[in-house]
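Each chain, letter by letter, is given below.
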Amino acid sequence: MSHQDQKIWLIRNYACFLSPGEWTGVYDFAPDEVKKAYEEWLKADQK
């Protein structure tokens, strides 16, 4: 899955929003695997 596709999947399934367009992370109830994948995705996005 491409980096952009991963972002879309995370937003669609587990994203928290303050208001439209403001990404704040994943929900607390998200599975640990998703939280870990999100953290790894953020690290890859920082490069």
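Read on for a plain summary of the structure. (Residues numbered from 1 in each chain as written. Predicted model: local features only at pLDDT ≥ 70, side-chain atom pairs only at ≥ 80, totals over all residues. Heavy atoms only, no water.)

Notes on the overall build of the chain
When helices and strands are tallied, the chain shows 2 helices and 2 strands. From first element to last, N terminus to C terminus, the chain shows the α and β order α-β-β-α. Taking all 47 residues of the chain together, the buried fraction comes to 21%. Counting only contacts in the chain whose residues sit at least 6 apart along the sequence, the fraction spanning at least 24 positions is 24%. Element-wise, carbon and sulfur atoms account for 51% of the exposed surface of the chain, whose accessible area totals about 3800 Å². (Helix = DSSP H or I, 4+ residues; strand = E, 2+ residues; numbered from the N terminus. Buried < 20%, exposed > 50% of the residue type's maximum accessible area, 1.4 Å probe, protein only. Contact = heavy atoms within 4.5 Å. Areas by Shrake-Rupley, 256 points an atom, 1.4 Å probe, with all protein chains shown as cover.)

Observations regarding the nonpolar core
Residues L10, Y14, V26, A30, V34, Y38 and W41 constitute the largest nonpolar core, which totals 7 residues. Broken down by element, this core gets its largest block of residues, 3 residues, from helix 2 (residues 32-46). Once residues lying within four places of it in the same chain are set aside, the contact partners of W41 are H3, Q6, K7 and L10. (Core = buried A, V, L, I, M, F, W, Y, C linked by side-chain atoms within 4.5 Å.)

What is shown is where atoms sit, not what they do.
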